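# Geometric and topological summary
Below, each chain spelled out in residue letters.
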Amino acid sequence: FMVSILSTFMGMGPVLLAASLSALVWNFFFISPHFTFHIDSTLDILTFGLFFIIALTNAVLTTRIRNQEQLAREREKKTNALFQLTRQLSKSGGIEEVLQISEEEIQNNFSLEPVFLLQNGQNQLSGLRHSIKGKEITPLELYVAEWCFCNGRTAGAFTRETFASEYTYFPLTGTRLNPGVVAVKLYKSFPVEQNSFWDTFLAQISNALEREFLGELAQKVRLLDESGRLYKTLFNSISHELRIPVATIMGA
């Protein structure tokens, strides 16, 4: 019972220690000769070995069940976080709202304060659109952000290309265009099991930003098309109105 209780709260090391100590204590107090670790009977040796194996197996299986439960809870938590992010991004309208939702979700799930650096529509990080709070960055940090954007690779702290930067930059990649980069200040690199969760998070944000960028481009094209149509209509109307008096003057 003690080993089972410990295995529900502690790791494998303390549980194995408890299983070993329980077998030794049982041997010391209950196997003759009492109050010694010596065992006379072969049957008692087999009983002692069986007791130790059962305690050890119980500890290992209980610890595995606890670990599986924790993994299932973590997976459920991550799935729910991605669902909430996708649902909110699908209802957002405009780049600023997408940035606000993304910033809040990253703070809630990763305890990080992100800075979004977006392109200006010409695949350049000039005329930067910062996140909602409009944080300023130094020329060095701007250089690292541009390198990350142009190469499509992580850069900054805890990466191969550190550039002596205090921020870590992650590219926001899309299928047709790359919206920009996101910078976060890490105190240690992401654990292996959290990397895929972070990458999926950024992929959802990148898709939402790309959708808004393409929407803005489509609106600009539509406005240009309507402007050209209006120009042709006005030109035809003016030329028609001038054609009659010009013809009269030329006739006179």
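As shown above, the structure is provided for reference.
Conventions adopted
Residues numbered from 1 in each chain as written. Predicted model: local features only at pLDDT ≥ 70, side-chain atom pairs only at ≥ 80, totals over all residues. Heavy atoms only, no water. Patch = residues over 30% accessible without salt bridge, like charges linked within 9 Å, V, L, I, M, F, W, Y side chains within 5 Å. Areas by Shrake-Rupley, 256 points an atom, 1.4 Å probe, with all protein chains shown as cover. Salt bridge = Lys/Arg side-chain N within 4 Å of Asp/Glu carboxyl O. Helix = DSSP H or I, 4+ residues; strand = E, 2+ residues; numbered from the N terminus. Axes fitted to C-alpha atoms, helices over the stretch in contact; angles between N-to-C directions. Parallel < 35°, antiparallel > 145°, perpendicular 65-115°, else oblique. Contact = heavy atoms within 4.5 Å. Nonpolar A, V, L, I, M, F, W, Y, C, P; charged D, E, K, R; others polar. Pairing = 2+ DSSP bridges. Disulfide = S-S within 2.5 Å. Buried < 20%, exposed > 50% of the residue type's maximum accessible area, 1.4 Å probe, protein only.

Side chains of Leu230, Leu234, Ile238, Leu242, Val246 and Met250 sit close together on the surface and give an oily, nonpolar patch of about 630 Å² of accessible area. With respect to the secondary-structure elements, leucine 242 resides in helix 6 (residues 192-251).

With that settled, consider the packing of helix 4 (residues 95-110) against helix 6. With their axes 10 Å apart at the nearest point, helix 4 and helix 6 run at an angle of 170 degrees to one another. With respect to each other, helix 4 and helix 6 are oriented roughly antiparallel. Each of Ile95, Val98, Leu99, Ser102, Glu105, Ile106, Asn109 and Phe110 in helix 4 lies in contact with helix 6, whose residues at this interface are Gln194, Phe197, Trp198, Phe201, Ile205, Ala208, Leu209, Arg211, Glu212, Phe213 and Glu216. Counted by class, the contact of helix 4 with helix 6 contains twelve nonpolar, three polar and four charged residues.

What follows deals with the sheet that holds strand 4 (residues 180-184). Spatially, four strands are ordered 1-4-3-2 in an open sheet, and the strand pairing comes out antiparallel. The sheet is open, and its two borders are formed by strand 1 (115-118) and strand 2 (155-156), each paired with just one other strand. Strands in contact with helix 5 (residues 139-151) are strand 1, strand 2, strand 3 (168-172) and strand 4; relative to strand 3, the strand with the most contacts, it is inclined by about 35 degrees. Most of the contacts of helix 6 go to strand 3, to which it runs at about 50 degrees, and overall it touches strand 1, strand 3 and strand 4.

In this structure the tally under the stated criterion is zero disulfides. Among the cysteines around cysteine 148, which has no disulfide bond, cysteine 150 carries the closest sulfur, lying 9.3 Å off. Classification of cysteine 148 as buried rests on a relative accessible area of 0%.

Attention shifts here to the pattern of salt bridges. One pass over the structure, following the stated rule, counts four salt bridges. When the shortest N-O distance is used, the salt bridge between arginine 153 and glutamate 161 registers 2.7 Å. Classification of arginine 153 as partly exposed rests on a relative accessible area of 40%. Note that lysine 185 and glutamate 166 form a salt bridge whose closest N and O atoms lie 3.3 Å from each other. Of the two residues, lysine 185 is situated in the loop between strand 4 and helix 6 and glutamate 166 in the loop between strand 2 and strand 3; the sequence distance between them amounts to 19 residues.

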